[in-house]
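# Remarks on the overall topology
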Amino acid sequence: PRSIGAMAEEKKKRFTKRSLPASVRLAVEISLAKKAEDLCVLDLRELTSFTDFFLVMNGNSSRQNAAVAEAVEAALKPAGLRPMSVEGRESAEWVLLDYGSLVVHVFSRAARDRYSLEQLWGDAPRLDF
């Protein structure tokens, strides 16, 4: 039998850009195409039951944030993926798309600094793009 440490280490190794689910990879690609900045994916599978992944990024304006969120929504729709809820679309300071296993956060720079999700979930494995 393998030790818990070895199993945890194996899980960490499997969290790579290539191992991401297709929907998460697509959301990352579309966000980058829309010039979102400082993208990271947090793997929350071992830490919480409400989602598997956070995709966190920021834009340079509320207009860009809204455009990124809309593009992600449009890209995932053909795969039959629709957000269960969308928050913050009006002000677009922090747009949140909740797909169940993936939660997409599109922040303004100021809101991202204020809420510092990456620090809050600091023990989550992280991929930067």
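Residues numbered from 1 in each chain as written. Predicted model: local features only at pLDDT ≥ 70, side-chain atom pairs only at ≥ 80, totals over all residues. Heavy atoms only, no water.

### Here's the deal with the sheet that holds strand S1 (residues 37-43)
- Read from one edge to the other, the open sheet built from six strands follows the order S3-S4-S5-S2-S1-S6, with strand pairing classed as mixed. The open sheet has two edge strands with one neighbour each: strand S3 (85-87) and strand S6 (126-128). Averaged over all neighbouring strand pairs, the angle between strand axes comes to 15°, with direction disregarded.
- In this structure, S1 lies alongside S6, joined through three bridges in antiparallel fashion. Note that in S6 the partner of Val41 across the bridge is Leu127.
- Contacts from helix H3 (residues 62-76) reach strand S2 (53-59), S3, strand S4 (94-98) and strand S5 (102-108), with the element oriented near 160° to S5. (Pairing = 2+ DSSP bridges. Helix = DSSP H or I, 4+ residues; strand = E, 2+ residues; numbered from the N terminus. Axes fitted to C-alpha atoms, helices over the stretch in contact; angles between N-to-C directions. Contact = heavy atoms within 4.5 Å.)

### Examining the side chain of Asp98
- Tracing the chain through its elements places Asp98 in strand S4.
- A polar side-chain atom of Asp98 sits 2.7 Å from the main-chain amide nitrogen of Gly100.
- Setting aside residues no more than four positions away along its own chain, Asp98 makes contact with Pro83, Met84, Ser85 and Val103. (Polar contact = N/O pair within 3.5 Å; in protein donor to acceptor, adjacent residues only side chain to side chain.)

### Topic: the packing of aromatic side chains
- The tally for this structure, following the rule as stated, stands at seven aromatic pairs.
- Centre to centre, the rings of Trp94 and Tyr115 are 4.5 Å apart; their planes meet at 45°, and the pair counts as tilted. Here Trp94 is found in strand S4, whereas its partner Tyr115 is found in helix H4 (residues 109-115), with 21 residues between them in sequence.
- Judged by its relative accessible area of 25%, Trp94 falls in the partly exposed class.
- Residue class for Tyr115 comes out partly exposed when judged on its relative accessible area of 38%.
- An aromatic cluster of three or more residues is present, and its members are Phe50, Phe54 and Trp121.
- The ring of Phe129 carries the charged tip of Lys17 above its face, separated from the ring centre by 4.6 Å. (Phe/Tyr/Trp six-rings, centres within 6.5 Å; stacked < 30°, edge-to-face > 60°. Buried < 20%, exposed > 50% of the residue type's maximum accessible area, 1.4 Å probe, protein only. Lys NZ or Arg CZ within 6 Å of the ring centre and 35° of its normal.)

### Comments concerning unusual backbone geometry
- One non-glycine residue, Lys35, lies in the positive phi region at around 65°.
- Tracing the chain through its elements places Lys35 in the loop between helix H2 (22-33) and S1.

### Observations concerning the packing of H2 against H3
- Orientation of H2 relative to H3, taken along the N-to-C sense of each, is 140°, at an axis distance of 9 Å. Judged by the inter-axis angle, H2 sits oblique to H3. The handedness of the crossing between H2 and H3 comes out as right-handed. Contacts between H2 and H3 involve Ser23, Leu26, Ala27, Ile30 and Ser31 from the former and Val68, Ala71, Val72, Ala75 and Leu76 from the latter. (Parallel < 35°, antiparallel > 145°, perpendicular 65-115°, else oblique. Left-handed = near helix turned anticlockwise from the far one by under 90°.)

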